[in-house]
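Per-entry structural report
Below are the chains, spelled out letter by letter.
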Amino acid sequence: MSARSCLMIVLAAGEGTRMRSEIPKVLHEIGGRSMVGHVVAAARGAGADQLAVVVGPGMGAVAEAVRKLAPGASIFTQVERRGTAHAVLMARTAIEQGAAEVLVLFGDTPLVTPETLDRVRCTLEAGADVAVLGFRTERPTGYGRLLTEGERLVAIREEKDATPAERAVTFCNSGIMGFRGATMLALLDAIGNANAKGEFYLTDAVEIAARRGLTVAAVDGDGREVLGVNDRAQLAECERLFQERRRRAALAAGVTLIAPETVFFAIDTALGRDVVVEPNVVFGPGVVVEAGARIRAFSHLEGARVAEGAIIGPYARLRPGAEIGREAHIGNFVEVKNAVIGDGAKANHLSYIGDARVGAKTNIGAGTITCNYDGYGKYKTEIGAGAFVGSNSSLVAPVRIGDGAYVGSGSVVTHDVPADALAVGRGRQEIREGWARAFRERMKAEKAKG
């Protein structure tokens with residue numbers, strides 16, 4: 001990685017009309033992270049000292065998303081859409097701060113890696129005044145062409161302005177460019193708009209630099225890595241490539257994926273060595289699975305931690321806040337949310353455990369639910385170690401069940417159960433007229449006060 005100071009400018013002002021969406025294009029997600037979030041993460045991973053992001057009018061959501069990942073980022077607004085060079089110049093004040101290297105990235109190329117950006121940086125450090133990341137393809141239609149003379153890059157020609165001979169070139173522009181900071185503004189200020197679209201193309205900086213005798217270099221890249229997203233089909237293709245990348249990484253790290261093509265990862269999924277993942281499993285954001293655990297088929301995990309040796313599924317759902325202990329079992333059609341399941345505990349069938357703590361080696365019978373929500377507030381259920389909760393039981397929170405206690409099948413538990421006691425609750429139904437109306441009015445009044 002280059003040791004010199006580096007500013008990275010991310011262009012994220014595109015409206016993305018072909019996405020047919022109210023969401024700004026760069027906020028559409030790949031692997032649970034926005035596209036611009038992927039680019040920002042790559043920039044930081046490649047050693048950017050400064051980050052500037054150019055957005056369009058009314059794109060406060062994009063600025064907010066960027067600042068969550070990079071609080072020190074500078075945000076600039078391109079009010080008029082007059083081309084890529086014009087967009088970069090919106091960040092003039094950031095460029096004027098004098099970074100040795102400046103890289104220009106695009107917020108809709110989510111698969112670019114820090115390693116590739118570092119190669120562009122190293123090309124600048126080796127003496128180039130301008131470095132362009134290119135790729136080779138047998139289907140160049142739609143891309144700007146990199147025109148070379150021997151080893152020298154002399155121009156980038158946009159397809160609409162290219163001659164038939166230039167259109168036959170298969171070495172294409174990815175859009176990512178690097179500049180030596182000391183000469184960048186002079187190049188950008190010399191760019192005109194005498195072209196088919198009447199726009200100021202950043203790519204024209206290459207031809208200007210070549211005419212001035214500056215060193216211009218092309219860096220070969222992977223076309224899959226610099227794939228841009230303009231519509232939903234391209235978004236889906238990027239997701240496919242992202243998932244392939246993550247599957248290969250998991251396999252290389254010692255994870256068994258029985259049917260890799262059916263497993264879907266988030267950007268931050270962390271799987272330990274000797275984890276086994278069966279077919280048709282989806283990992284949402286925030287999942288950690290420790291060594292030797294097994295995730296059985298058709299399970300969905302998000303915001304959860306699974307300890308060593310635990311077994312999840314099949315057909316299980318772990319929601320945010322689920323913490324599953326060592327050797328614990330969460331079985332078919334069991335949902336866990338914001339709950340700690342102790343070491344060796346089991347909930348093997350058809351249960352909901354929410355806002356709860358389940359002690360070590362406790363057994364949760366089939367059909368058990370924690371009744372944690374009354375329409376206004378969430379309440380906690382505490383179940384001690386070594387307890388046994390019979391099938392088809394309802395635990396009405398807030399409630400505590402002591403260590404070693406038994407809850408008889410079909411019970412409705414509304415009061416604390418002492419350790420080693422038996423609770424059997426199948427009481428006669430009671431009707432209280434008007435209670436629900438009064439409860440709602442009381443809760444609304446309390447909410448208005450607070």
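You'll find the structure just up there.
Reference entry: report on the structure contained in this document.

The rules behind each value
- Residues numbered from 1 in each chain as written.
- Predicted model: local features only at pLDDT ≥ 70, side-chain atom pairs only at ≥ 80, totals over all residues.
- Heavy atoms only, no water.
- Helix = DSSP H or I, 4+ residues; strand = E, 2+ residues; numbered from the N terminus.
- Rg over C-alpha atoms; globule rule 2.2 N^0.38 Å.
- Buried < 20%, exposed > 50% of the residue type's maximum accessible area, 1.4 Å probe, protein only.
- Contact = heavy atoms within 4.5 Å.
- Areas by Shrake-Rupley, 256 points an atom, 1.4 Å probe, with all protein chains shown as cover.
- Core = buried A, V, L, I, M, F, W, Y, C linked by side-chain atoms within 4.5 Å.
- Phe/Tyr/Trp six-rings, centres within 6.5 Å; stacked < 30°, edge-to-face > 60°.
- Lys NZ or Arg CZ within 6 Å of the ring centre and 35° of its normal.
- 1 Å grid on protein atoms, 1.4 Å probe; cavity = no way out; pocket = protein on both sides within 12 Å on 5 of 7 lines; lining within 4 Å.
- Points joined across faces, edges and corners; volume = space filled by probe spheres on them.
- Nonpolar A, V, L, I, M, F, W, Y, C, P; charged D, E, K, R; others polar.
- Pairing = 2+ DSSP bridges.
- Disulfide = S-S within 2.5 Å.
- Lys, Arg positive; Asp, Glu negative; His and termini not counted.
- Salt bridge = Lys/Arg side-chain N within 4 Å of Asp/Glu carboxyl O.
- Expected span 1.5 Å × (residues − 1).
- Polar contact = N/O pair within 3.5 Å; in protein donor to acceptor, adjacent residues only side chain to side chain.

When helices and strands are tallied, the protein shows 10 helices and 35 strands. A compact globule built from 450 residues would reach a C-alpha radius of gyration of about 22 Å, whereas the protein, at 29 Å, exceeds it by more than 25%. By principal-axis analysis of the C-alpha atoms, the protein measures approximately 90 × 50 × 40 Å. Taking all 450 residues of the protein together, the buried fraction comes to 49%. A separation threshold of at least 6 residues defines the contact pool for the protein, and within that pool the share at least 24 residues apart is 44%. For the protein, the accessible surface area stands at approximately 21000 Å², while carbon and sulfur atoms represent 50% of it.

Within the largest apolar cluster, 46 residues are counted, with the highest numbers of intra-cluster contacts made by Phe-283, Leu-318, Ile-324 and Ile-330. Those elements giving two or more residues to this core turn out to be strand E24 (335-341), strand E26 (352-358) and strand E32 (399-401). With residues near it in sequence (within four places) discarded, Ile-330 still touches Ile-311, Ile-312, Gly-313, Ala-316, Leu-318, Ile-324, Val-336, Ile-341 and Ala-347.

This brings us to the packing of aromatic side chains. Evaluated as defined, the whole model comprises seven aromatic pairs. Seen in terms of ring centroids, Tyr-315 and Phe-333 are 5.1 Å apart; in terms of plane orientation they differ by 15°. Their pairing is stacked. With Tyr-315 in the loop between strand E20 (311-312) and strand E21 (317-318) and Phe-333 in the loop between strand E23 (329-332) and E24, this residue pair connects regions lying 18 residues apart in the sequence. A relative accessible area of 39% places Tyr-315 in the partly exposed class. Aromatic side chains Trp-435 and Phe-439 sit 5.0 Å apart centroid to centroid with 5° between the ring planes, which places their arrangement in the stacked category. With Trp-435 and Phe-439 both in helix H10 (residues 435-449) and four residues apart, this pair spans about one turn of that helix. Classification of Phe-439 by relative accessible area gives buried; the value is 10%. Through pairs of rings, three or more aromatic residues link up here, namely Phe-298, Tyr-315 and Phe-333. One residue, Arg-136, lies across the ring of Phe-171, its end atom 3.8 Å from the ring centre. Over the aromatic face of Tyr-373 sits the side chain of Lys-378, whose NZ or CZ is 5.3 Å from the ring centroid.

Rolled over the atoms, a probe sized like a water molecule indicates the empty space that remains. Here the largest pocket defines a volume of roughly 1600 Å³. Along the wall of the largest pocket there are 44 residues; nearest its centre are Lys-25, Thr-84, Phe-106, Asp-108 and Asn-230. At the level of secondary structure, the elements contributing two or more residues to the lining of the largest pocket comprise strand E1 (6-12), helix H3 (84-89) and strand E10 (171-180). Considering each element in turn, the lining of the largest pocket owes the most residues, four residues, to E10. When the residues that make up the lining of the largest pocket are grouped by side-chain class, the tally is 14 nonpolar, 19 polar and 11 charged. Counted as a void, the second largest pocket has a volume near 370 Å³. Of the residues in the lining of the second largest pocket, the class split is two nonpolar, no polar and three charged.

The next point concerns the pairing of strand E25 (residues 346-349). With three bridges joining them, E23 and E25 adopt parallel strand pairing. Residue pairing across strands places His-329 opposite Lys-346, the latter belonging to E25. Summarising the sheet, E25 and strand E27 (residues 363-364) pair through two bridges and their orientation is parallel. Note that in E27 the partner of Lys-346 across the bridge is Asn-363.

With that settled, consider the state of the cysteines. Here the structure, examined in full by the defined rule, presents zero disulfides. In this model Cys-6 remains outside any disulfide bridge; the closest cysteine sulfur is found in Cys-122, 11 Å from its own. The exposure class assigned to Cys-6 is buried, which follows from its relative accessible area of 0%.

This paragraph deals with the side chain of Arg-247. Locating Arg-247 in the fold gives a position in helix H9 (residues 232-252). Here Arg-247 is buried and forms no salt bridge, its nearest opposite-charge partner Glu-244 lying at an N-O distance of 5.6 Å. Excluding residues within four positions of it along the chain, Arg-247 makes contact with Leu-257, Pro-260, Glu-261, Val-263, Phe-264 and Phe-265.

Two side chains with opposite charge may pair up if their charged atoms get near one another. Taken as a whole and assessed by the stated rule, the structure comprises 23 salt bridges. Taking the shortest distance from any N to any O, the salt bridge between Arg-317 and Glu-335 comes out at 3.9 Å. Taken together, the residues span a long stretch of sequence, with Arg-317 in strand E21 and Glu-335 in strand E24 at a distance of 18 residues. Taking the shortest distance from any N to any O, the salt bridge between Glu-335 and Arg-319 comes out at 2.7 Å. Taken together, the residues span a long stretch of sequence, with Glu-335 in strand E24 and Arg-319 in the loop between E21 and strand E22 (323-324) at a distance of 16 residues. Residue class for Glu-335 comes out partly exposed when judged on its relative accessible area of 21%.

Taking 1.5 Å of rise per residue, 12 residues should cover 16 Å, and helix H5 (residues 114-125) covers 16 Å from first to last C-alpha, within 8% of that figure. For H5, the set of buried residues is Thr-116, Leu-117, Asp-118, Val-120, Arg-121 and Leu-124. Tucked into the core, H5 has its buried residues touching E1, helix H1 (35-45), strand E6 (101-106), strand E7 (130-136) and E10. Positioned one or two residues after H5, Gly-127 has a phi angle of 130°, which is positive.

This paragraph deals with the environment of Tyr-373. Within the secondary structure layout, Tyr-373 lies in the loop between strand E28 (369-371) and strand E29 (381-383). A polar contact is formed between the side chain of Tyr-373 and the backbone oxygen of Gly-375, at a distance of 3.0 Å.

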